[in-house]
Each structure stands twice: as structure tokens, then as C-alpha cells.
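# Residue-level structure breakdown
Here's the letter readout for the chains.
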Amino acid sequence: MLGGVVGRKVASVSEYDYSEALRRRNGRWNARRLDAWLRDPQAVAPGTKMGFALQDAQERRQVIWYLGSTGARPGPKPR
């Protein structure tokens, strides 16, 4: 389900049981939105089931790069 997440509509994989909080979100996952989500998911979608956050900016960049690399057009690798 993480393959191709960058550019995908939020909460759009039919087989996944998203929280109501995330299903109410509009838009698509991009680097900026993913960064905010990974840093503080409760701020992005209060009441979400997401149980952890990544406080380290470098770790978030690496995760976002990985998520982008699993799609059709991978971006540049973070430093």
C-alpha cells in the first residue's frame, strides 16, 4: 500500500481501514504534506490512528524519498 503513495489521493486505498479523521482529508500526498504528517499526524488529522511520529527532519526526508522511489517517478535521494 505504500508503493506509489506520493501523488496518491489521501485515504484512497480501498482495502485499508483508514480512520475517519484521515478519510475526511482532501488532496494528494506530496512531500510537504507527508513531512507534516510524519512530523505530527495528530495535527494533520486529529483523531487519526497513526501512533508514531518522526521528529528528526533527516529521517522524514529519507522516508519520503523512499515512498517517492516506489512510484513511477522517483525524486532525488536526500542528503
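Look up a bit, the structure's there.
The sections below set out a description of the structure shown in this document. (Residues numbered from 1 in each chain as written. Predicted model: local features only at pLDDT ≥ 70, side-chain atom pairs only at ≥ 80, totals over all residues. Heavy atoms only, no water.)

Moving on to the layout of surface pockets. Summary: where empty space remains is shown by rolling a probe the size of a single water molecule over the atoms. Roughly 530 Å³ of internal volume is contained in the largest pocket. Along the wall of the largest pocket there are 23 residues; nearest its centre are Leu 2, Tyr 16, Leu 22, Trp 37 and Met 50. Of all the elements in the fold, those that place two or more residues in the lining of the largest pocket are helix H2 (31-39) and helix H4 (57-69). Residues belonging to the lining of the largest pocket are distributed by class as follows: 18 nonpolar, two polar and three charged. (1 Å grid on protein atoms, 1.4 Å probe; cavity = no way out; pocket = protein on both sides within 12 Å on 5 of 7 lines; lining within 4 Å. Points joined across faces, edges and corners; volume = space filled by probe spheres on them. Helix = DSSP H or I, 4+ residues; strand = E, 2+ residues; numbered from the N terminus. Nonpolar A, V, L, I, M, F, W, Y, C, P; charged D, E, K, R; others polar.)

Quick look at the packing of aromatic side chains now. The description of an aromatic ring pair rests on the distance of the ring centres and on the angle between the ring planes. Counted under the stated rule, the structure contains two aromatic pairs. When the ring of Tyr 16 is compared with that of Tyr 18, the centres are 4.8 Å apart and the planes differ by 65°; the resulting orientation is edge-to-face. Seen from their ring centres, Trp 29 and Trp 37 are 5.7 Å apart, and the 55° between their planes marks the pair as tilted. A single burial state applies to Trp 29 and to Trp 37, both of which are buried. (Phe/Tyr/Trp six-rings, centres within 6.5 Å; stacked < 30°, edge-to-face > 60°. Buried < 20%, exposed > 50% of the residue type's maximum accessible area, 1.4 Å probe, protein only.)

Taken as a whole, this structure holds four salt bridges when the rule is applied. For Lys 49, the salt bridge identified is with Asp 17, shortest N-O distance 3.8 Å. Residue Lys 49 is found in the loop between helix H3 (41-44) and H4, and its partner Asp 17 is found in the segment before helix H1 (20-23); the two are separated by 32 residues along the sequence. For Asp 17, a relative accessible area of 55% gives the class exposed. With a shortest N-O distance of 2.8 Å, Arg 23 and Glu 20 are connected by a salt bridge. With a gap of three residues between them, Arg 23 and Glu 20 both fall in helix H1, about one helical turn apart. (Salt bridge = Lys/Arg side-chain N within 4 Å of Asp/Glu carboxyl O.)

Here the focus is the environment of Gln 58. By the element assignment, Gln 58 lies in helix H4. A polar contact of 2.8 Å, which involves the side chain of Gln 58, links it to the side chain of Arg 61. (Polar contact = N/O pair within 3.5 Å; in protein donor to acceptor, adjacent residues only side chain to side chain.)

Let us look at the nonpolar core. The biggest cluster of nonpolar side chains holds 16 residues, and the ones touching the most others in it are Leu 22, Trp 29 and Trp 37. Residue assignment for this core shows that the elements contributing at least two residues are H1, H2 and H4. Among the elements that take part in this core, H2 stands out by supplying three residues, more than any other. Here Trp 37 is in contact with Leu 22, Trp 29, Val 44, Ala 45, Thr 48 and Met 50, once residues within four sequence places are set aside. (Core = buried A, V, L, I, M, F, W, Y, C linked by side-chain atoms within 4.5 Å. Contact = heavy atoms within 4.5 Å.)

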